[in-house]
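# Observations on chain architecture
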Amino acid sequence: MTMHLEHLLEECLEARSEDNEVILRSYPQQADQLRPLLDTATLARRYYGASLEPPPSGLAGGRARLLAEAARYRKRVAAVPIRPGKARTIRHPFLLRFAAALLAAVIILVSTGAGIAWAARDSLPGDALYPAKLPSRTCVFHWRQTRRQKWDYPCSSLRNGRKSCKP
Amino acid sequence: MDNQQALLERARAYDEKAIGELYDQYAPLIYSYLYRRVHDAQAAEDLTGDVFVRMLQAIQSDQVWHTSFRGWLYRIAHNRVIDYYRKQPSAPPTSIPENLAEQLDEPDSALIKQSSYRRLHLAIRRLTPDQQQVLALRFGEQLTAREVAEIMGKNVGAVEVQQHRALATLRRILEKEQL
């Protein structure tokens, strides 16, 4: 309802008639709510619509400052020798593209490998993903630093199948 | 329109004459908008200069207008006003230019007869910065709600809400002071 009134107010303001009562005839049901708002809008129009002449000295100062700044920019642009077609080009585009391609390839390889290893972690001999499980398990085994950790690793990986793990 | 476009293109190349013409054309508009927002003649003059220097900087870094140059300038001015109030949140002086007060003394309706310019000026200053912004752009600069929304970075519905609240609050303040 409130949103509706806000939109109606906007419609009334867009009507731009001199007489608010003429506008309100189109909105008989909301006229009582809209009338004070439109009266205030008339007042605000008078306030903001009164022409405000700036002091000439003030704007002249701003103009001089702006032109000085523009001259500075012009000098800066003129000081940089620009060869036709060479402006704004990257110095080594081939290296940049190669580095980007290399980075993309590494990201794809690592994420694919990690995904396969994760999918293969519960596979058993005979499963399609089992060959992928072995190297990943070997890698993890070698990452374990202490003997205790190395001993525990197969245990934790077999927990689903066996209740205890003794050598 | 073509002349205007040519002028803007020359300004992009830092053509002194074109920049001067743009300043002469838009500085009074920007000044009056800024004055109505900061209520301080000196600050409005300084900020007007800042807006046009920012315009040059923006042209330099290719951050230029997409739809309307005028709307883009108002947007720069809007940001400068935000910076201004951020730096000095205390209330600015309430000087009122003589010519403005005289123009508003012409009676137009019962409400206007009862309201002096000063009362209105002080009442508007009690609105929130966003509400003042909407009224200044809608009634001072005669922009549409859509244009105001673009300048303020809001949607049209939000501008309509702000406008409604601003007028309702202004009405309440004026009525309260009259009692």
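What this report covers is the structure whose coordinates are included nearby.

Thresholds applied
Residues numbered from 1 in each chain as written. Chains lettered and ligands numbered in written order. Predicted model: local features only at pLDDT ≥ 70, side-chain atom pairs only at ≥ 80, totals over all residues. Heavy atoms only, no water. Helix = DSSP H or I, 4+ residues; strand = E, 2+ residues; numbered from the N terminus. Buried < 20%, exposed > 50% of the residue type's maximum accessible area, 1.4 Å probe, protein only. Contact = heavy atoms within 4.5 Å. Areas by Shrake-Rupley, 256 points an atom, 1.4 Å probe, with all protein chains shown as cover. Patch = residues over 30% accessible without salt bridge, like charges linked within 9 Å, V, L, I, M, F, W, Y side chains within 5 Å. Salt bridge = Lys/Arg side-chain N within 4 Å of Asp/Glu carboxyl O.

Moving on: the overall build of chain B. In terms of regular secondary structure, chain B is built from 10 helices and zero strands. Listing the helices and strands of chain B from first to last along the sequence gives α-α-α-α-α-α-α-α-α-α. For chain B, the residues scored as buried account for 53% of the 179 residues in total. For chain B, the share of sequence-separated contacts (at least 6 apart) that also reach a separation of at least 24 residues comes to 61%. Looking at chain B as shown, the accessible area adds up to about 8,500 Å², and 49% of this sits on carbon and sulfur atoms.

Bringing a nonpolar patch on the surface into the picture now. Residues and elements named next belong to chain A. A cluster of nonpolar side chains, namely Phe94, Leu95, Phe98, Leu102, Val106 and Val110, defines an oily patch on the protein surface of about 640 Å² accessible area. You can see Val110 is positioned in helix α5 (residues 93-120). Since its relative accessible area comes to 54%, Val110 is described here as exposed.

This part is about the pattern of salt bridges. A complete count under the given rule lists 14 salt bridges over all chains for this structure. Across the salt bridge formed by Arg65(A) and Asp50(B), the nearest N and O atoms sit 2.3 Å from each other. Taken together, the residues span two chains, with Arg65(A) in helix α4 (residues 56-79) and Asp50(B) in helix α3 (residues 41-60). The partner of Glu16(B) in a salt bridge is Arg74(A), with the nearest N and O atoms 3.5 Å apart. One end of the pair, Glu16(B), is in helix α2 (residues 16-38); the other, Arg74(A), is in helix α4, on a second chain. Among the residues examined, Glu16(B) registers a relative accessible area of 43% and is labelled partly exposed. The class of Arg74(A) is partly exposed, set by a relative accessible area of 28%. Salt bridges here are not isolated pairs; linked through shared partners, they connect Arg65(A), Asp50(B), Arg80(B), Asp83(B) and Arg86(B).

Time to look at the side chain of Asp50(B). The class for Asp50(B) is buried, based on a relative accessible area of 18%. Residues within four places of Asp50(B) in sequence aside, it is in contact with Arg65(A) and Arg80(B).

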